[in-house]
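Examination of the molecular architecture
Given next are the chains, with one letter for each unit.
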Amino acid sequence: MPARAAYDRETIHAILDAGLVAHVAFAVDGQPYVIPTIYARLGERVLFHGSAASRTVRALAAGAPACLTVTLLDGLVLARSAPHHSVNYRSVIVLGQALPVEGSEAHEAALRAFTERIVPGRWGEIRAPTPKELRAVRVLALDLGEASAKLRTGPPLDDEEDYASDVWAGVVPLRTAAGAPAADPRLEEDIPLSPSVAAWIAAHRGSE
Ligand SMILES: Cc1cc2nc3c(=O)[nH]c(=O)nc-3n(C[C@H](O)[C@H](O)[C@H](O)COP(=O)(O)OP(=O)(O)OC[C@H]3O[C@@H](n4cnc5c(N)ncnc54)[C@H](O)[C@@H]3O)c2cc1C
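Predicted, not measured: the structure shown is a model, and the values here were computed from it. Along each chain, numbering runs from 1 in the same order as the chain's sequence is written. pLDDT decides what is reported in this predicted model: residues at 70 or higher carry local features, side-chain atom pairs at 80 or more are listed and counted, and totals for whole chains, interfaces and linings draw on all residues regardless. Calculated side-chain values reflect all of the structure's heavy atoms, with hydrogen atoms and water omitted.

Turning our attention to the packing of aromatic side chains. What describes a pair of aromatic rings is the distance from one ring centre to the other and the angle between the planes of the rings. Here the aromatic set is Phe, Tyr and Trp, taking the six-membered ring for Trp, and pairing holds for ring centres within 6.5 Å; pairs whose planes are under 30 degrees apart are stacked, those over 60 apart are edge-to-face, and all others are tilted. This structure, assessed with the given rule, holds one aromatic pair. Seen in terms of ring centroids, Phe 26 and Tyr 33 are 5.7 Å apart; in terms of plane orientation they differ by 25 degrees. Their pairing is stacked. Each residue gets one of three labels from its accessible area relative to the maximum for its type: buried under 20%, exposed over 50%, partly exposed in between, using a 1.4 Å probe on protein chains only. Among the residues examined, Phe 26 registers a relative accessible area of 4% and is labelled buried.

What follows is the structure, encoded as structure tokens:
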């Protein structure tokens, strides 16, 4: 379905900004790995992070070519015949090299930007990382130079003669939405929800 592909920056950015989880693929000694990870888009780069000791970070930092995929599942498309069943989705695939952000200042700035992008305002509310904590993690950046989007929207597309059928057809929407926050059982008494968290929940409640 090449008609479902898109290469414009606006579409690619919008899909990346709507997601939280990416799958990063790379190969080590001929063995492919596909690793789920949290990510954030910053301009023309996708950032993600991991333990400096992890296989993923070590392989990518050594220059292994990467493929990062973001998938948003928007609905089940239920047609009047089996072949026309489908899903509504938005996805992006980025190819390139995910290189670590080097230099302690750039590294800390990337970590802060990454956190702020996912939960705006959170960095300023929490304890700053120690130098040891900063050394234990690496931020990888993948350029969006080679990126494509693909999406499907709308109702099922049935064969013309099947539209007279008496079976129900249509779309069941699917979404990821914030639920009611559950306070840590060890939270000190009388601590209200942080503004960044309240704002995040309000922005991600979703609509029925
Ligand atoms: C939604 C989500 C978000 C995540 N976000 C982050 C993040 O932001 N940063 C981060 O560092 N990690 C994140 N993780 C964990 C991440 O997927 C890896 O498990 C972790 O980074 C360790 O990677 P590694 O290369 O060291 O794995 P390895 O030590 O190489 O893993 C050893 C083996 O364990 C298995 N394995 C590894 N990871 C997984 C997995 N996720 N599921 C099932 N089997 C697995 C595989 O068989 C692998 O070969 C996230 C996971 C999920 C599901």
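Ranked by size, the top nonpolar core spans 26 residues in total, and within it Leu 16, Phe 48, Leu 60 and Leu 68 carry the most contacts. At the level of elements, α1 (9-18), β2 (21-28), β4 (45-51), α2 (55-61), β5 (66-78), β6 (86-96), β8 (137-143) and β9 (146-152) are the ones that each hand at least two residues to this core. The dominant element in this core, judged by the number of residues it contributes, is β5, at four residues. Contacts: residue pairs with any heavy atoms within 4.5 Å of one another. With residues up to four places along the chain from it excluded, the contact list for Leu 60 reads Val 24, Phe 26, Phe 48, Ala 66, Ala 98, Leu 99 and Leu 140. Among buried residues, the Ala, Val, Leu, Ile, Met, Phe, Trp, Tyr and Cys ones that are joined through side-chain atoms within 4.5 Å form a nonpolar core. Judged by nonpolar contacts, the second largest core, of 13 residues, contains Leu 47, Ala 110, Val 137 and Val 139. Strands are runs of DSSP state E lasting at least two residues, helices are runs of H or I lasting at least four, and both sets are numbered from the N terminus onward.

If you check which residues of α1 are buried, you get Ile 12, His 13, Ile 15 and Leu 16. Around the axis of α1, the buried residues are gathered within 165 degrees of arc, so they sit on the same side. Buried-residue contacts for α1 involve β1 (5-6), β3 (31-42), β4, β5, β6 and β9. Regarding the arc, it is the one traced by the directions from the helix axis to the C-beta atoms.

In this section: unusual backbone geometry. At Asp 29, a position not held by glycine, the phi torsion is positive, near 50 degrees. With respect to the helices and strands, the residue Asp 29 is situated in the loop between β2 and β3. Classification of Asp 29 by relative accessible area gives exposed; the value is 80%. The backbone phi angle of Asp 190 is positive, close to 60 degrees, even though this residue is not glycine. Mapping Asp 190 onto the fold places it in the loop between β10 (170-173) and α5 (195-203).

The subject of this paragraph is the environment of Pro 131. Structurally, the position occupied by Pro 131 is in helix α4 (residues 131-135). Judged by relative accessible area, Pro 131 falls into the exposed class, the value being 57%. Residues Pro 131 and Ala 25, 106 residues apart in the sequence, show an inter-C-alpha distance of 30 Å.

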